[in-house]
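One-letter residues, chain by chain:
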Amino acid sequence: MEIKDCTRDGTVDLHGRPAIASRTGKWKACAFLVGYEAFERMAFYGIASNLVNYLTTQLHEDTVSSVRNVNSWSGSVWITPILGAYVADTYLGRFWTFTVSSLIYVMGMIMLTTAVSLKSLKPTCTNGVCNKASTLQIAFFYVSLYAIALGAGGTKPNISTFGADQFDDFNPHEKELKVSFFNWWMFSSFLGALFATLGLVYIQENLGWGLGYGIPTIGLLVSLVVFYLGNPIYRHKVRKTNSPTGDLIRVPVTAFKNRKLQLPESPSQLHEHEPQHYINSGKRQVHYSPIFRFLDKAAVKDGNSGKPPCTVTQVEGTKLVLGMLLIWLVTLVPSTIWAQINTLFVKQGTTMDRSLGSSFQIPAASLGSFMTLSMLIAVPMYDRYFVPFMRRKTGNPRGITLLQRLGIGFVIQVIAIAIAYAVEVRRMHAIRVHQITGPKQIIPMNIFWLLPQYVLLGIADVFNAIGLLEFFYDQSPEDMQSLGTTFFTSGIGVGNFLNSFLVTVVDKTTGRGENKSWIGDNLNDSHLDYYYGFLLVISTLNLGAFLWASSKYVYKRETKEVDEGCIEMESKTLEISPLGLQTSSVDFSNLYGLAKCSCWSDLILVIRLIVEVLTAKNVKHYQHPTETKTNAGLHGISYARIQGLCFKAKGHPKAEITSI
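Worth saying up front: this structure is predicted, and the values here are computed from it rather than measured.

**A word on the packing of aromatic side chains**
The description of two aromatic rings rests on the distance between their centres and on the angle between their planes. Counted according to the given criterion, the structure contains 42 aromatic pairs. Between Trp-78 and Trp-338, the aromatic rings sit 6.1 Å apart at their centres with planes inclined by 85 degrees, giving edge-to-face as the arrangement. Of this pair, Trp-78 sits in helix α3 (residues 63-79) while Trp-338 sits in helix α13 (residues 332-338), placing them 260 residues apart in sequence. As far as the burial class goes, Trp-78 and Trp-338 line up, both buried. Following the ring pairs from residue to residue traces out a cluster consisting of Tyr-36, Phe-95, Trp-96, Phe-98, Phe-162, Phe-227, Tyr-228 and Tyr-234.

**Remarks on unusual backbone geometry**
With phi around 60 degrees, Lys-26 is a residue other than glycine that occupies positive phi space. If you trace the backbone, Lys-26 turns up in helix α1 (residues 26-48). Taking relative accessible area as the criterion, Lys-26 reaches 18% and is therefore assigned buried. Positive phi, close to 60 degrees, is recorded for His-60, a residue that is not glycine. We classify His-60 as partly exposed; its relative accessible area is 31%.

**Here we look at the pattern of salt bridges**
If you walk through the whole model with that rule in mind, you get 17 salt bridges. We note a salt bridge from Arg-17 to Asp-13, for which the minimum N-O separation is 2.9 Å. When its relative accessible area of 15% is taken as the criterion, Asp-13 is described as buried. Note that Asp-383 and Arg-384 form a salt bridge whose closest N and O atoms lie 3.5 Å from each other. Among the residues examined, Asp-383 registers a relative accessible area of 7% and is labelled buried. On the basis of relative accessible area, Arg-384 is assigned to the exposed category, the value being 54%.

**Brief notes about empty space enclosed by the protein**
According to the stated counting rule, one finds seven cavities of 30 Å³ or more in the structure shown. Taken as a whole, the largest cavity encloses approximately 380 Å³ of empty space. Lining the largest cavity are 31 residues, with Tyr-45, Trp-338, Asp-461, Ala-465 and Ile-492 sitting closest to its centre. At the level of elements, α1, α8 (181-206), α13, α15 (368-394), α16 (402-433), α17 (451-475) and α18 (481-510) are the ones that each hand at least two residues to the lining of the largest cavity. For the lining of the largest cavity, the class distribution of residues is 17 nonpolar, eleven polar and three charged. Surrounding the second largest cavity, Val-179, Ser-180, Asn-183, Tyr-382, Asp-383, Val-387, Arg-398, Ile-400, Leu-402, Arg-405 and Glu-470 form its lining. Listed by contribution, the elements that provide at least two residues to the lining of the second largest cavity are α15 and α16. For the lining of the second largest cavity, the element with the highest residue contribution is α15, accounting for three residues. Among the residues forming the lining of the second largest cavity, the class breakdown is five nonpolar, two polar and four charged.

**With respect to the nonpolar core**
Ranked by size, the top nonpolar core spans 137 residues in total, and within it Ile-47, Trp-73, Tyr-105, Phe-141 and Tyr-531 carry the most contacts. In terms of residue count, α16 provides more of this core than any other element does, 13 residues in total.

**Notes on α3**
With 17 residues, α3 extends 24 Å between its outermost C-alpha atoms, agreeing within 8% with the 24 Å of an ideal straight helix rising 1.5 Å per residue. Counting buried positions along α3 yields 14 of 17 residues, so the element is predominantly enclosed. Where α3 begins, one side-chain oxygen reaches toward the backbone nitrogen of Val-64, 3.2 Å away; that side chain belongs to Asp-62.

**Things to note about a nonpolar patch on the surface**
A cluster of nonpolar side chains, Leu-14, Tyr-86, Tyr-91, Leu-92 and Trp-96, forms an exposed patch at the surface whose accessible area comes to about 510 Å². With three residues, the single largest contributor to the nonpolar patch is helix α4 (residues 81-92). Relative to the assigned elements, Trp-96 resides in helix α5 (residues 94-117). In this structure Trp-96 comes out as partly exposed when scored by relative accessible area, which is 46%.

**What to know about the side chain of Gln-137**
Structurally, Gln-137 can be placed in helix α6 (residues 135-164). Residue class for Gln-137 comes out buried when judged on its relative accessible area of 10%. Within the structure, Gln-137 has its side chain in polar contact with the backbone oxygen of Ser-120 (distance 3.2 Å). Those residues in contact with Gln-137, other than ones at most four positions away along the chain, are Ser-120, Leu-121, Lys-122 and Pro-123.

**Describing the packing of helix α12 (residues 312-329) against α17**
For the pair α12 and α17, the least separation of the axes is 10 Å and the interaxial angle reads 165 degrees. By the criterion of interaxial angle, the relationship of α12 to α17 is roughly antiparallel. Handedness of the crossing formed by α12 with α17: left-handed. Touching Leu-320, Met-324, Ile-327 and Trp-328 of α12 are Phe-471, Phe-472 and Gln-475, all from α17. Classifying every residue of the contact of α12 with α17 by side-chain character gives six nonpolar, one polar and no charged.

Thresholds, definitions, all that
- Residues numbered from 1 in each chain as written.
- Predicted model: local features only at pLDDT ≥ 70, side-chain atom pairs only at ≥ 80, totals over all residues.
- Heavy atoms only, no water.
- Phe/Tyr/Trp six-rings, centres within 6.5 Å; stacked < 30°, edge-to-face > 60°.
- Helix = DSSP H or I, 4+ residues; strand = E, 2+ residues; numbered from the N terminus.
- Buried < 20%, exposed > 50% of the residue type's maximum accessible area, 1.4 Å probe, protein only.
- Salt bridge = Lys/Arg side-chain N within 4 Å of Asp/Glu carboxyl O.
- 1 Å grid on protein atoms, 1.4 Å probe; cavity = no way out; pocket = protein on both sides within 12 Å on 5 of 7 lines; lining within 4 Å.
- Points joined across faces, edges and corners; volume = space filled by probe spheres on them.
- Nonpolar A, V, L, I, M, F, W, Y, C, P; charged D, E, K, R; others polar.
- Core = buried A, V, L, I, M, F, W, Y, C linked by side-chain atoms within 4.5 Å.
- Expected span 1.5 Å × (residues − 1).
- Polar contact = N/O pair within 3.5 Å; in protein donor to acceptor, adjacent residues only side chain to side chain.
- Patch = residues over 30% accessible without salt bridge, like charges linked within 9 Å, V, L, I, M, F, W, Y side chains within 5 Å.
- Areas by Shrake-Rupley, 256 points an atom, 1.4 Å probe, with all protein chains shown as cover.
- Contact = heavy atoms within 4.5 Å.
- Axes fitted to C-alpha atoms, helices over the stretch in contact; angles between N-to-C directions.
- Parallel < 35°, antiparallel > 145°, perpendicular 65-115°, else oblique.
- Left-handed = near helix turned anticlockwise from the far one by under 90°.

Here's what the structure looks like:
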């Protein structure tokens, strides 16, 4: 087996042998993965979409308790991936962590199907009067649910990153394919969610809960068999660090110890390995960024210390995590809005006219299928039309930057909750007009009034849900990409917990004494419109916080080996200001002095200057598959390889440029 046949990123097969590029990975490997993702999402949404109805109608919980329990379980499903990602990145790797966790997931599904099928595990009813669920019945039901949450903790962060690992970042063609990976990965996820909200919910309410949970259980088992059939063509990443999270502790501790040391005038004087070290080790060098400068002291060279300081790459890895944490914080409120879909939106729908024809009634939870349909339509449109159109306008391979994508999604989400508030105001008006007071009375207002908020939230998810997953994977330190994607899942989890907290506090605060609770058991005698108005206010404020946080964020910049004797300078973005246009002037006379400097960090400045002129009128773009060249045309520097493209700038002393 010749070296040139192997993947360039050092991936191996299941037996530890170098992966052969032509026979492994890419979309042919991902085809075995997407089936599992579709069935797993079908199982999750088959439970989550209608769980609030099961708790109120079968286990006879009150509205606030059922909403709180649904949010707590959903939050756990999205929080446990932190544990699964840590185990994968530190001990077992993605494949084996997924394998063990998927078995726990299936076991939980089997237990849950048993819990809703056997009469002995459900409360009994006599003459229309139902007993409360026994301690054993409640315990078995919730143990089943939380077994699923534990299993999801190991599958969710690893299956998507394992899929992304099937594309070689060092291969320009495969890297181009990877740009679309997360879009189509989520597309398969949406397909599973669509079947759950459109088919399983109807089966649960009309044919039986056991059948409604049994179908996704069988589907999950079949998808696991299909997944393991793909073993011969999977690529596995080799762990290059025994404890990748150790730097997150070491860097701030070292910075604190060095707090009395003075920072050098130039970042190039901070401690860093030679570029050859990263070439030999197969790791990627991350370059200096002028944020969180208090951490730079961890890389200050101190001759009096017996231990070597941290490298700039280690410090920058910690900075990346802190930067992602800042973005993560402003995703919590949007995740809280998302939590309404499977809770209050469903309960709201049960009070409205759900008849379709003379005999058919739409399950309230099935309206979520329209959200999924909007996603399924929007994803291909985004990938096939929006991205190429914006790519021509901006020159960015993604069309727009990751943070711009998130910002658009958050704006659409604010509009959606504003519409939800307006619809609820109209529902309350209909209640007053028709003098409806009973909890089971149906309001003469069609359930399709809720359709716009579902559709808009679906479109918003195409921007922010997929965008967040890609953002946290893309911006994570190299050895922590599984853990990095848990920023996405944990944000949704904390959003569910936050919604549970808000619902509880609002109910207790507004329902004191003789006051009417905003979220009572009887939604026809509550003020859900006030709660939606409250969510609209905090969503608008959070949008402002996001704009501020994104303006402070600095994207990851890496160097990696592309060929023998060649180095590729890669910046994850081409813009300086993430959410806007920035005009600046580049003086080419400065390039020569920088080019002659042997300092690696100064060479990065040369590359950045060339990147900044990419949109100038006198810049010619062309594809170059493998090489990085130098030429004496532009004061000693005329070619730069950025993200698999080579660009040649014609010699002009000055150019006015606009950053994308």
